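# Understanding the architecture of this molecule
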Amino acid sequence: MDQFKHISITETKQKLDNGDVVIADIRDDATFANGHIDGAFHLNNGTIVEFMNQHDFDQPVVVACYHGHSSQGAAQYLLHQGFEEVYSMDGGMTAWAMQFPVVRSGD
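Bear in mind the structure is a predicted one, so any value in this text is a computation, not a measurement.

Here is what the cut-offs are and how they apply
Residues numbered from 1 in each chain as written. Predicted model: local features only at pLDDT ≥ 70, side-chain atom pairs only at ≥ 80, totals over all residues. Heavy atoms only, no water. Core = buried A, V, L, I, M, F, W, Y, C linked by side-chain atoms within 4.5 Å. Buried < 20%, exposed > 50% of the residue type's maximum accessible area, 1.4 Å probe, protein only. Helix = DSSP H or I, 4+ residues; strand = E, 2+ residues; numbered from the N terminus. Contact = heavy atoms within 4.5 Å. Phe/Tyr/Trp six-rings, centres within 6.5 Å; stacked < 30°, edge-to-face > 60°. Arc of directions from axis to C-beta. Pairing = 2+ DSSP bridges.

L43, F51, V61, V63, L78, F83 and V86 are the most contacted members of the largest nonpolar core, which totals 16 residues. Listed by contribution, the elements that provide at least two residues to this core are β2 (22–25), α3 (48–54), β4 (61–64) and α4 (70–80). Beyond its immediate chain neighbours, meaning those up to four positions away, F83 contacts F51, M52, H55, D56, F57, Q59, V61 and L78. Formed by 14 residues, the second largest nonpolar core is a distinct cluster that contains I23, I37, A40 and F100.

One pass over the full model with this rule turns up four aromatic pairs. An aromatic cluster of at least three residues, connected via ring pairs, comprises F41, F51, F57 and F83.

Attention now moves to helix α5 (residues 92–99). Of all the positions in α5, only G92, M93 and W96 are classed as buried. The buried residues of α5 occupy an angular sector of 85° when projected down its axis, which confines them to one face. Looking at the buried positions of α5, the neighbouring elements they touch are α1 (9–17), β2, β4 and β5 (86–89).

The next subject is the sheet that holds strand β3 (residues 41–42). One open sheet holds the five strands; their spatial order is β1-β5-β4-β2-β3, and the pairing between them is parallel. Of all the strands in the sheet, the pair left with one neighbour each is β1 (5–7) and β3. Bridging between β1 and β5 involves three bridges; their strand directions are parallel. Within β5, the position partnered with H6 by the bridge is S88.

Encoded structure:
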């Protein structure tokens, strides 16, 4: 069985800057709106079909959550749905926001 991979925030930033990944942020609506990675897709039960329709299954996906724990289950789920290269971002958005900028919805 395939397994998701772990990725650091620094590696995520490099892949994002190179246009190599899509970020799937699984946090709740209010937290996502309050600050997320620029260009991140807000992934939840209501948007999973949209996400799957918008992104190629061979496009690498980095799943982000609060601290890097919940993203692991979501990353494994995306692998089971057919995505080929899926990462869980270690440290989550808590670690990201300490080193890199976030945007607010509506900015």
